[in-house]
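Structural description and commentary
Letter by letter, the chains look like this.
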Amino acid sequence: MAAAALLAAALGGGLLLIARRYLSGAGRASRSAAAALMRGKTVIVTGANSGLGRATAAELLRLQARVILGCRDRGRAEQAAREIRAELGAQAEGGELVIRELDLASLRSVRSFCQRVLQEEPKLDVLINNAGIFQCPYMKTEDGFEMQFGVNHLGHFLLTNLLLGLLKSSAPSRIVVVSSKLYKYGEINFEDLNSEISYNKSFGYSRSKLANILFTRELARRLEGTGVTVNVLHPGIVRTNLGRYVNIPLLAKPLFNLVSWAFFKTPLEGAQTSIYLASSAEVEGVSGKYFGDCKEEELLPKAMDDLVARKLWDISEVMVGLLK
Ligand SMILES: NC(=O)c1ccc[n+]([C@@H]2O[C@H](COP(=O)([O-])OP(=O)(O)OC[C@H]3O[C@@H](n4cnc5c(N)ncnc54)[C@H](OP(=O)(O)O)[C@@H]3O)[C@@H](O)[C@H]2O)c1
Ligand SMILES: *[C@@H]1O[C@H](CO)[C@@H](O)[C@H](O)[C@H]1NC(C)=O
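A brief report on the enclosed structure follows. Everything numeric here is computed off the predicted structure, so don't read it as measured data. (Residues numbered from 1 in each chain as written. Chains lettered and ligands numbered in written order. Predicted model: local features only at pLDDT ≥ 70, side-chain atom pairs only at ≥ 80, totals over all residues. Heavy atoms only, no water.)

**Topic: the overall build of the chain**
- Along the chain, the regular secondary structure elements total eleven helices and eight strands.
- Restricting the contact set of the chain to residue pairs at least 6 apart, pairs at least 24 apart contribute 79%.
- A total accessible area of about 15,400 Å² is found for the chain, and carbon and sulfur atoms account for 56% of it. (Helix = DSSP H or I, 4+ residues; strand = E, 2+ residues; numbered from the N terminus. Contact = heavy atoms within 4.5 Å. Areas by Shrake-Rupley, 256 points an atom, 1.4 Å probe, with all protein chains shown as cover.)

Printed below as a string of structure tokens:
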């Protein structure tokens, strides 16, 4: 009995390993396309202390960029920077890691982050809007916005707008926006953007990720002819800290861990499309597009609604105080 169970477990484990190899092969194959040297380039990555942002920052450092880690917690950012340097060893030498405080749940913090960047950086080649919060209970940002919409969309909306002048003067330059396939379940319900009438955490996340795509398309339209491009991506399902608010029953945890180990991408695999859009010559001049696994993908009509995109832009400008 015990032997049979052991055999089954070994077989199952073997199959999982093969599946994992096979699946992650796709992630790795696309890597070579992304490996453009970034020496002399300055890149900002938001949420760079964890998960995809951390992997993106590490890879850009390896490509010799000056990487500014925009993080809300200095301690966690310093730890991530130490770990990245230790992992890369001599490969970290051509680039630079710089930590700057950025809390996207505070417009004041976004403003002071940008002020410092504008003072200190003569140019900015790439902005990667990566930070995100997923399915948290109902919470509000410092300025009273629903947290997921506030951080994932509005914080990055203000950040990008305040850095746009520097990006333009540094052209050709790029903006990369990290969205999610879950945008499909979202809707821009203008009558309740703060979820004061009702809050559904799944809907809130999807809405914020749909907003990321609409923002990208409207911004691409506004940036035509400036030499600044903006593209949006979904990373796939990646093993990160994003699920911190999701409760998995204690008994289901081992199974979840096994499935995530076998089938989820590693952060480095998940970060490939961000790295590709930030660095590859293949996407030079490409703007307003949606990518997955380093390839352009189709969007649902709701993500291509230019009227909704424009209305969301106008309302966002008022919400973050760019227009009074
Ligand atoms: N993992 C996936 O399967 C998946 C799938 C689709 C899309 N995405 C997207 O990928 C992006 C990165 O997520 P991840 O999976 O790498 O998750 P993660 O490991 O939780 O990393 C998220 C990062 O965002 C930061 N962040 C959260 N709130 C912030 C705030 N108010 N101000 C500044 N930074 C803040 C976090 O900082 P702290 O460490 O300080 O909390 C962390 O550095 C997100 O936009 C997410 O929506 C992920
Ligand atoms: C919450 O939103 C999700 C996705 O938008 C939807 O599938 C689900 O039915 C909603 N739940 C409730 C209780 O309305």
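**Details of the site of ligand 2**
- Surrounding ligand 2, one finds Tyr185, Asn200 and Phe203.
- Within the side chain of Asn200, one N or O atom sits 2.4 Å away from an oxygen atom of ligand 2.
- Coverage of ligand 2 by the protein chains reaches 34% of its 360 Å² of free accessible surface. (Near = heavy atom within 4 Å. Polar contact = N/O pair within 3.5 Å; in protein donor to acceptor, adjacent residues only side chain to side chain.)

**Quick word on the pattern of salt bridges**
- Going through the model one piece at a time under the given rule, you end up with 19 salt bridges.
- One salt bridge in this structure joins Arg54 and Glu83, with 2.4 Å as the shortest N-O distance. In this pair, Arg54 is assigned in helix H3 (residues 51-62) and Glu83 in helix H4 (residues 74-88), connecting sequence segments 29 residues apart.
- Since its relative accessible area comes to 29%, Glu83 is described here as partly exposed.
- Arg74 serves as the salt-bridge partner of Glu101, at 3.0 Å between the closest nitrogen and oxygen. Taken together, the residues Glu101 in strand E3 (residues 96-101) and Arg74 in helix H4 connect sequence positions 27 residues apart.
- When its relative accessible area of 45% is taken as the criterion, Glu101 is described as partly exposed.
- The structure contains a network of salt bridges with shared partners spanning Arg54, Glu83 and Glu87. (Salt bridge = Lys/Arg side-chain N within 4 Å of Asp/Glu carboxyl O. Buried < 20%, exposed > 50% of the residue type's maximum accessible area, 1.4 Å probe, protein only.)

**Let's talk about the sheet that holds strand E8 (residues 295-296)**
- Pairing in this open sheet of eight strands is mixed, and the strands run E3-E2-E1-E4-E5-E6-E7-E8 from one edge to the other. Of all the strands in the sheet, the pair left with one neighbour each is E3 and E8.
- Taken together, the three bridges between strand E6 (residues 228-234) and strand E7 (residues 290-292) define a ladder with parallel strand orientation. From the neighbouring strand, Val232 faces E7, where its bridge partner is Tyr290.
- With respect to the sheet, helix H6 (residues 147-169) is in contact with strand E1 (42-46), strand E4 (126-129), strand E5 (173-178) and E6, its orientation differing from that of E4 by roughly 175°.
- The strands touched by helix H10 (residues 272-279) within the sheet are E4, E5, E6 and E7, with E5 carrying the most contacts at an inclination of about 165°. (Pairing = 2+ DSSP bridges. Axes fitted to C-alpha atoms, helices over the stretch in contact; angles between N-to-C directions.)

**What to know about the nonpolar core**
- With 51 residues, the main nonpolar core has Ile44, Phe113, Leu159, Leu163, Leu167, Ile175 and Leu219 as its most contacted residues.
- Contributions of two or more residues to this core are made by helix H5 (107-120), H6, E5, helix H7 (201-222), E6 and helix H11 (306-319).
- Looking at this core element by element, the count peaks at eleven residues for H6.
- Discounting residues that sit within four places of it in the chain, Leu167 has contacts with Leu124, Asp125, Leu127, Ser173, Arg174, Ile175 and Val228.
- By size, the runner-up hydrophobic cluster in this structure holds 36 residues, among which are Ala58, Cys71, Val126 and Val178. (Core = buried A, V, L, I, M, F, W, Y, C linked by side-chain atoms within 4.5 Å.)

**Looking at the site of ligand 1**
- Ligand 1 sits among 28 residues. The nearest are Asn49, Ser50, Arg72, Tyr205 and Thr240.
- One of the side-chain N or O atoms of Arg72 is found 2.5 Å from an oxygen atom in ligand 1.
- A distance of 3.0 Å separates a nitrogen atom of ligand 1 from a polar atom in the side chain of Asp103.
- In the complex, the protein chains occlude 96% of the 900 Å² of accessible area that ligand 1 would expose alone.
- Secondary-structure elements contributing two or more residues to the shell around ligand 1 are H3 and H7.
- Residues of the shell around ligand 1, tallied by class, amount to twelve nonpolar, eleven polar and five charged. (Nonpolar A, V, L, I, M, F, W, Y, C, P; charged D, E, K, R; others polar.)

**Focus on the pairing of E5**
- Counting buried positions along E5 yields six of six residues, so the element is predominantly enclosed.
- Here E5 shows no split at all, with Ser173, Ile175 and Val177 on one side and Arg174, Val176 and Val178 on the other all buried.
- Pairing geometry for E4 and E5, over four bridges, is parallel. Bridging from a neighbouring strand, Asn129 pairs with Val177 of E5.
- In this region the chain leaves E4, passes through H6 and returns to the parallel neighbour E5; the handedness of that crossover is right-handed.
- The handedness of the E5 to E6 crossover, carried by H7, is right-handed. (Right-handed = clockwise from strand over helix to strand, strands pointing away.)

**Topic: unusual backbone geometry**
- A cis amide bond, omega 0°, links Ala171 with the succeeding residue Pro172.
- Turning to its location among the elements, Pro172 is positioned in the loop between H6 and E5.
- Although it is not a glycine, Gln64 sits at a positive phi angle of roughly 80°.
- Looking at where Gln64 falls in the secondary structure, it is placed in the loop between H3 and strand E2 (66-71).
- Classification of Gln64 as buried rests on a relative accessible area of 19%.

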